[in-house]
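Residue-level listing of the chains:
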Amino acid sequence: MAVDLDPQLLDILACPSDDHAKLVVGTPADPDADALTCTECGRQFRVDDGVPVLLLDEATEPGEQPADQ
């Protein structure tokens with residue numbers, strides 16, 4: 001299921017890393033994934049029940065498989 005966030009909220013959300021880049025819905029491999037992906041560093045942040053988990057220690061690094069929840 002794709003992430004369903006208010007477009008205005010998505011416009012202001014940014015990656016919590018130092019670059020603070022824009023986030024896009026889905027992942028490069030799955031645009032319908034329940035995740036947000038940083039356009040700069042490539043980290044993927046899961047979305048649980050419509051709430052983005054924007055914690056660096058919870059993010060999936062580029063090329064890393066997401067952990068089972």
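Residues numbered from 1 in each chain as written. Predicted model: local features only at pLDDT ≥ 70, side-chain atom pairs only at ≥ 80, totals over all residues. Heavy atoms only, no water.

### Side note on the overall build of the chain
Step number 1: Regarding its fold elements, the chain presents one helix and four strands.
Step number 2: Counting from the amino terminus, helix and strand elements in the chain follow one another as α-β-β-β-β.
Step number 3: Taking all 69 residues of the chain together, the buried fraction comes to 33%.
Step number 4: Looking at the chain alone, contacts between residues at least 24 apart form 26% of all its contacts between residues at least 6 apart.
Step number 5: When the accessible surface of the chain is summed, it comes to about 4,600 Å², and 50% of that surface belongs to carbon and sulfur atoms. (Helix = DSSP H or I, 4+ residues; strand = E, 2+ residues; numbered from the N terminus. Buried < 20%, exposed > 50% of the residue type's maximum accessible area, 1.4 Å probe, protein only. Contact = heavy atoms within 4.5 Å. Areas by Shrake-Rupley, 256 points an atom, 1.4 Å probe, with all protein chains shown as cover.)

### Notes on the nonpolar core
Nonpolar side chains in soluble globular proteins generally cluster together in the buried interior.
Step number 1: In terms of nonpolar packing, the biggest core is built from 12 residues, these being Val3, Leu5, Leu10, Leu13, Cys15, Ala21, Leu23, Leu36, Cys38, Phe45, Val47 and Ala59.
Step number 2: For this core, the secondary-structure elements that each account for two or more residues are strand S2 (35–38) and strand S3 (44–48).
Step number 3: With residues up to four places along the chain from it excluded, the contact list for Ala59 reads Arg43, Gln44 and Phe45. (Core = buried A, V, L, I, M, F, W, Y, C linked by side-chain atoms within 4.5 Å.)

### So, the sheet that holds strand S4 (residues 51–52)
Step number 1: What the four strands build is an open sheet, ordered S1-S2-S3-S4; its pairing is antiparallel. Of all the strands in the sheet, just strand S1 (23–25) and S4 have a single pairing partner and so form its edges.
Step number 2: As judged from the two bridges shared by S3 and S4, these two strands associate in the antiparallel manner. Paired with Asp48 across the two strands is Val51, which belongs to S4. (Pairing = 2+ DSSP bridges.)

### Looking at the pattern of salt bridges
Step number 1: Considering all chains together, one arrives at four salt bridges under this definition.
Step number 2: One salt bridge connects Arg46 with Asp48, and the closest N-O pair in it is separated by 2.9 Å.
Step number 3: Relative accessible area serves as the criterion here: at 25%, Arg46 is assigned to the partly exposed category.
Step number 4: By relative accessible area, Asp48 is classed as partly exposed at 27%.
Step number 5: It is possible to trace a salt-bridge network through shared partners that takes in Arg46, Asp48 and Glu58. (Salt bridge = Lys/Arg side-chain N within 4 Å of Asp/Glu carboxyl O.)

Just geometry here; none of it tells us what the structure is for.
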